[in-house]
Amino acid sequence: MKIKRFQDSATLAQAVARELATRLSSTGSIGFATGRTMDPIYEALLELAPRVSAQVWMLDEYLGLSAEDQRSYRYYLQTRVFKPLQVPPAQIHLPQLEVLAPEAAALAYEVELQRFGGLRLQLLGLGLNGHLGLNEPGSTLSERTRIVKIAEKTRVSNQSFFGSLSEVPTHALTLGLATLNDAQELWLIVSGAAKAEILQEVLEGPVTSRVPASLLRDHPGLIVFVDEAAASRLR
Ligand code: GLP
């Protein structure tokens, strides 16, 4: 594991965007994450306007929202990243939740990713409960892309994107920890004081399913990009 520390989230975002721009201009599959942590990174990336030769994928998606729903992760990635970067549609891979039943869409997405040789790089945010994608506490390293129940803590944390808690979907499709473990590189991006405690648990606490991200901390291609606020509790 490599840790890259930055003064603040803006400096961190610039650095991640620069490295990401280089990766995007070569071939291979790159998985995109969503969440507030990623906003400044994608904004910085758009300014660099790299030509995208990579295949682009997504980490997770709510069930029950259409791809046109502004709260869906497909909508976010299409409108805020893939379209502005002019990624050719043939290089964009999204789960087929409109055409297939959820479980079938999850399996098909995993199979398609395998057909492309798996992930060269996956971007990851960190949930307040240690989740990666929507691999919530209890997830294991043997699980692949599948439908999961979203933890209550995560639903509450994402409530502000919806009108009320009852509108936050209860289930999601997520790449599994086994799928992530097969990636050549994992970039875990963590910023802000609110993540300091869970980041300390992920990196320095026990390796346990209770903190899913801890299961991947010995991945040989893991790079943790962190700002000072999030790193404040690390030894
Ligand atoms: C969300 C997303 C994850 C994201 C994480 C952190 O629920 N499903 O993919 O990485 O939680 O979110 P944020 O960056 O908003 O803290």
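Our subject is the structure listed above.
Here's what I pulled together on the structure shown here. Keep in mind the model is a prediction, meaning the values are calculated, not measured.

### Focus: the site of the ligand
- Every one of the 15 residues lining the ligand counts as a neighbour, but Arg36, Thr37, Asp60, His131 and Lys195 are closest to it.
- Arginine 36 places a main-chain nitrogen or oxygen 2.8 Å from an oxygen atom of the ligand.
- At 2.9 Å, a side-chain N or O of asparagine 158 approaches an oxygen atom of the ligand.
- Relative to its unbound accessible area of 390 Å², the ligand is 94% covered by the protein chains.
- Residues belonging to the shell around the ligand are distributed by class as follows: four nonpolar, eight polar and three charged.

### Re the packing of helix H1 (residues 9-24) against helix H2 (residues 39-48)
- Remark: H1 packs on H2, axes separated minimally by 8 Å, with the N-to-C direction vectors making an angle of 55°. In terms of axis orientation, H1 runs oblique to H2. With respect to the hand of their crossing, H1 and H2 are arranged in right-handed fashion. Each of Leu12, Ala13, Gln14, Val16, Ala17, Arg18, Leu20, Ala21 and Leu24 in H1 lies in contact with H2, whose residues at this interface are Pro40, Ile41, Ala44, Leu45 and Leu48.

### A short note on the sheet that holds strand S8 (residues 185-190)
- Taken in spatial order, the six strands of this open sheet run S1-S9-S8-S5-S2-S3, and their pairing is parallel. A single partner strand is all that each edge strand has here, and the edge strands are strand S1 (2-6) and strand S3 (55-58). In this sheet, adjacent strand axes meet at a mean angle of 20° when their direction is disregarded.
- The pairing of strand S2 (residues 29-32) with S3 spans four bridges and is classified as parallel. Within the sheet, the bridge partner assigned to glycine 31 lies in S3 and is tryptophan 57.
- Across the sheet, helix H3 (residues 73-82) touches S2 and S3, and the angle it forms with S3 is around 145°.

Rules of the game
- Residues numbered from 1 in each chain as written.
- Predicted model: local features only at pLDDT ≥ 70, side-chain atom pairs only at ≥ 80, totals over all residues.
- Heavy atoms only, no water.
- Near = heavy atom within 4 Å.
- Polar contact = N/O pair within 3.5 Å; in protein donor to acceptor, adjacent residues only side chain to side chain.
- Areas by Shrake-Rupley, 256 points an atom, 1.4 Å probe, with all protein chains shown as cover.
- Nonpolar A, V, L, I, M, F, W, Y, C, P; charged D, E, K, R; others polar.
- Axes fitted to C-alpha atoms, helices over the stretch in contact; angles between N-to-C directions.
- Helix = DSSP H or I, 4+ residues; strand = E, 2+ residues; numbered from the N terminus.
- Parallel < 35°, antiparallel > 145°, perpendicular 65-115°, else oblique.
- Left-handed = near helix turned anticlockwise from the far one by under 90°.
- Contact = heavy atoms within 4.5 Å.
- Pairing = 2+ DSSP bridges.

Function-wise, these values are silent; they only describe arrangement.
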